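Results of the structural survey
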Amino acid sequence: MSKLQGKVAIVSGGSRDIGRAVSVKLAKEGAKVVVNYFNNEDQANETLAEIKDVGGEAIIVKGDMTKPDDVAALVAAAQSAYGDAIDVLINVTGGMVERRALDEMDFDFMEYVMRLNVTSTFLTTKAVVPHMPEGSAIVNFASQAGRDGGGPGAAAYATSKAAVMTFTRSMAKELGPRGIRVNSLCPGMIATTFHDKFTKDAVRTNVANATPLRRQGAAHETADAAVYLATDEASFITGANVDINGGSFFS
């Protein structure tokens with residue numbers, strides 16, 4: 001039997017790369033998936049098509065997860081489609097925006113990166129938790145950068161992802177008595193458009209060669225870990241920030 005049969009799952013930032021892989025994996029495990037996207041409807045429809053190809057059920061919902069009204073609309077759309085209960089929330093929304101050293105950062109840049117990575121996670125969690133029954137699960141996406149400070153120009157991103165890790169621990173304590181588990185993943189070098197945009201090819205090659213497994217990770221490998229944490233197979237795991245980096249960093 002599928003591990004999430006009949007469950008309802010929301011994936012913020014679920015339309016591409018790791019978010020798409022997570023959305024499709026959830027569908028394969030039987031969940032009804034609510035795929036949030038921000039500005040690329042074509043990518044969202046491609047994700048929806050992949051979900052249908054594996055026999056899954058899903059809807060796509062546009063929204064900016066840094067805006068409370070958009071988050072509320074996402075939850076309303078999920079409930080309109082699939083009923084009041086929401087069993088799984090996976091927060092993939094986030095990004096680096098761009099690499100900036102300290103003397104290149106200003107107030108607005110730092111605030112934007114924090115909103116994108118931390119505020120979005122806070123807002124979705126606050127909006128979804130009231131509708132989560134006992135046995136539900138939240139999986140946040142942090143980053144290896146949150147552990148080691150990130151690469152050049154990644155201070156804002158790394159700081160925001162460290163905040164996601166701490167928020168995860170706090171919510172695990174607060175929501176545990178309600179039967180809700182909260183964990184996060186800390187991906188290292190995963191082959192996605194994130195690194196296509198922000199990391200030079202030579203750096204990616206060097207990192208891969210220095211990794212014990214001698215390669216970058218794949219989006220589906222990250223999705224497998226995220227969905228595992230959302231299932232009952234991980235029923236005694238909460239407050240964990242799980243490394244998925246091929247051994248490039250040991251916490």
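This section reports on the structure supplied with the text. (Residues numbered from 1 in each chain as written. Predicted model: local features only at pLDDT ≥ 70, side-chain atom pairs only at ≥ 80, totals over all residues. Heavy atoms only, no water.)

**A short note on unusual backbone geometry**
Leaving glycine out, the prevailing phi sign among residues is negative, and the prevailing peptide bond configuration is trans. With a phi close to 50°, D17 is a non-glycine residue in the positive phi region. Position of D17 among the secondary structure elements: in helix α1 (residues 17–28). With phi around 75°, V97 is a residue other than glycine that occupies positive phi space. Summarising the element assignment, V97 is placed in the loop between β4 (88–91) and α4 (107–128). (Helix = DSSP H or I, 4+ residues; strand = E, 2+ residues; numbered from the N terminus.)

**What about the nonpolar core?**
In terms of nonpolar packing, the biggest core is built from 29 residues, with V22, L26, V33, I90 and F141 touching the most fellow members. Elements supplying a minimum of two residues to this core: β1 (8–12), α1, β2 (32–37), α2 (41–53), β4, β5 (137–141) and α9 (219–230). With sequence-adjacent residues up to four places away left out, F141 is seen in contact with I18, V22, I90, N91, V92, K161, V164, L185, P187, T222 and A226. Residues V61, V75, A78 and I180 belong to the second largest nonpolar core, which totals 23 residues. (Core = buried A, V, L, I, M, F, W, Y, C linked by side-chain atoms within 4.5 Å. Buried < 20%, exposed > 50% of the residue type's maximum accessible area, 1.4 Å probe, protein only. Contact = heavy atoms within 4.5 Å.)

**Points about the environment of G135**
When you line up the elements, G135 lands in the loop between α4 and β5. The exposure class of G135 is partly exposed, given its relative accessible area of 41%. Remark: the alpha-carbon pair of G135 and V88, spanning 47 residues in sequence, is separated by 9.4 Å. Those residues in contact with G135 that sit more than four places away from it in its chain are G179 and D232.

**Comments concerning the pattern of salt bridges**
The final tally for this structure, using the stated rule, is nine salt bridges. Among the salt bridges present, the one from R20 reaches E50, with a minimum N-O distance of 3.6 Å. Within this pair, whereas R20 is found in helix α1, its partner E50 is found in helix α2, the two being separated by 30 residues in sequence. The class for R20 is buried, based on a relative accessible area of 16%. Notably, a salt bridge pairs K25 with D224, separated by 3.6 Å at the nearest N-O pair. Taken together, the residues span a long stretch of sequence, with K25 in helix α1 and D224 in helix α9 at a distance of 199 residues. Residue K25 is classed as partly exposed on the basis of its relative accessible area, which comes to 23%. Assessed through its relative accessible area of 35%, D224 is described here as partly exposed. Taken together, the salt bridges that share partners define one network made up of R20, E46 and E50. (Salt bridge = Lys/Arg side-chain N within 4 Å of Asp/Glu carboxyl O.)

**Observations regarding the sheet that holds β1**
The strand order across the open sheet built from seven strands is β3-β2-β1-β4-β5-β6-β7, with neighbouring strands paired in parallel fashion. Unpaired on one side and paired on the other, β3 (57–62) and β7 (241–244) mark the two borders of the sheet. On average, each strand axis in the sheet is tilted by 20° relative to the strand beside it, whichever way the strands run. Note: β5 against strand β6 (residues 181–187), five bridges, orientation parallel. Note on β6: the bridge partner recorded for I138 is V182. Contacting β1, β4 and β5, α4 crosses the sheet at an angle of about 170° to β4. This element, helix α6 (residues 155–175), spans β5, β6 and β7 of the sheet and lies at about 160° to β6. (Pairing = 2+ DSSP bridges. Axes fitted to C-alpha atoms, helices over the stretch in contact; angles between N-to-C directions.)

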